[in-house]
Every structure is written in C-alpha cells, then in structure tokens.
Amino acid sequence: MVPDIVTSGKPMGNGIPVAASIFKPELLVEFGKNIRYVNTFGGNSVAIAAAQAVLDVIREESLMENAHKVGDKIITGLKDLAQGLEQVAEVRGSGFFIGVDLVTDRATLTPDGQAATGIVNSLRACHCGCRKPRAGLRV
C-alpha cells in the first residue's frame, strides 16, 4: 500500500513542536495553483534544525529498518499467541503500526470494546504493585 497523504505530528522535533504533511505530487497541482501559502504556525530555524537532526538520526541509525524488523517479530509473536483464541479475528501491521482485532463473534466480526478497554487499562496500570496508573496513556 502506498498512501496518498502522510502526516507526522510533534514527535518529528523530539520535543520541539514540528509537523509535516507529505503528499503525492499530483495531489498538490490544483492546491499550488490556488493557494500560495498555508501553515498553522510560522516556521523557525530552531524547529527546522530539530526536525533535520531527528531525520538525520533516523537515517544514520537505520531506525526505520529496525522498526520493521522488530515490528515483524512482534506481529509474528502476536499471531502465535492468537492461534486458537476465538476473541482475536486478525493481527496485522507494518513496523510498529500494529492492529489486533478483538471480537465477540468471529463469524460476524463484532468488535469487543470491553476486551480492548481491559487490555488498554492493564497496559496503563503500574505493575510494581502500587495499583497507580502510569502517566501518559489515556483511553
């Protein structure tokens, strides 16, 4: 699959708010004829330097290739764990973008929101025994 549009948010600047939108060139022909300038925040040299540094690290440390390798291992492991589980309809993904379809009925593929919420809440929980949720995750 090749997407028409890809957007990236704040992580692109590793703490400095930087985002990007990447389009297939043919999608921008009319846009470029009619609209000359658009942004939500004016750019600055610090943000651009931060974004370039992040992109340099991604390239130099082969982080995309690593994400694909590790992601493939995670997906394979999840598929192995899901074998025989009626609640798991499908495991799919690419890199660290991974989806697990949880269902109440495999024939109708009815989503199981309660099971998904339970898993997310378990992942949010601190497992040190204090029963406090970990910061950062919200559902």
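Please refer to the structure higher up on the page.
Fair warning: this is a prediction, and the values are worked out from it, not measured in the lab.

Rules and cut-offs
Residues numbered from 1 in each chain as written. Predicted model: local features only at pLDDT ≥ 70, side-chain atom pairs only at ≥ 80, totals over all residues. Heavy atoms only, no water. 1 Å grid on protein atoms, 1.4 Å probe; cavity = no way out; pocket = protein on both sides within 12 Å on 5 of 7 lines; lining within 4 Å. Points joined across faces, edges and corners; volume = space filled by probe spheres on them. Helix = DSSP H or I, 4+ residues; strand = E, 2+ residues; numbered from the N terminus. Nonpolar A, V, L, I, M, F, W, Y, C, P; charged D, E, K, R; others polar. Core = buried A, V, L, I, M, F, W, Y, C linked by side-chain atoms within 4.5 Å. Buried < 20%, exposed > 50% of the residue type's maximum accessible area, 1.4 Å probe, protein only. Contact = heavy atoms within 4.5 Å. Patch = residues over 30% accessible without salt bridge, like charges linked within 9 Å, V, L, I, M, F, W, Y side chains within 5 Å. Areas by Shrake-Rupley, 256 points an atom, 1.4 Å probe, with all protein chains shown as cover. Salt bridge = Lys/Arg side-chain N within 4 Å of Asp/Glu carboxyl O. Lys, Arg positive; Asp, Glu negative; His and termini not counted. Polar contact = N/O pair within 3.5 Å; in protein donor to acceptor, adjacent residues only side chain to side chain.

(A) Molecular detail of the layout of surface pockets. Here the largest pocket is characterised by a volume of approximately 830 Å³. Looking at the lining of the largest pocket, the elements with two or more residues in it are strand E1 (5–8), strand E2 (20–23), helix H2 (45–60) and helix H3 (63–82). Residues belonging to the lining of the largest pocket are distributed by class as follows: twelve nonpolar, five polar and one charged.

(B) Molecular detail of the nonpolar core. Ile-75, Ala-82, Val-88, Val-91, Leu-102 and Ala-115 form the largest nonpolar core, which has six residues in total. At the level of secondary structure, the elements contributing two or more residues to this core comprise H3 and strand E3 (88–94). Leave out the neighbours within four places in its chain, and Val-91 touches Ile-75, Leu-78, Lys-79, Ala-82, Gly-99 and Val-100. In terms of nonpolar packing, the next biggest core, distinct from the first, is built from five residues, Val-18, Ala-20, Ala-47 and Ala-51 among them.

(C) Geometry of a nonpolar patch on the surface. Together, Ile-5, Phe-23, Leu-27, Leu-28, Phe-31 and Ile-35 make up a nonpolar patch on the protein surface, roughly 480 Å² of accessible area in all. Tracing the sequence through the fold places Ile-35 in the loop between helix H1 (29–34) and H2. Residue class for Ile-35 comes out partly exposed when judged on its relative accessible area of 38%.

(D) Spotlight on the side chain of Asp-112. Its location among the elements puts Asp-112 in the loop between strand E5 (110–111) and helix H4 (113–124). There is no salt bridge for the buried Asp-112, and the closest opposite charge comes from Arg-106, which lies 11 Å off by N-O distance. Separated by 3.0 Å, the side chain of Asp-112 and the backbone nitrogen of Ala-115 make a polar contact. Not counting residues within four places of it along the chain, the set of residues in contact with Asp-112 comprises Gln-87, Leu-102, Val-103 and Thr-104.

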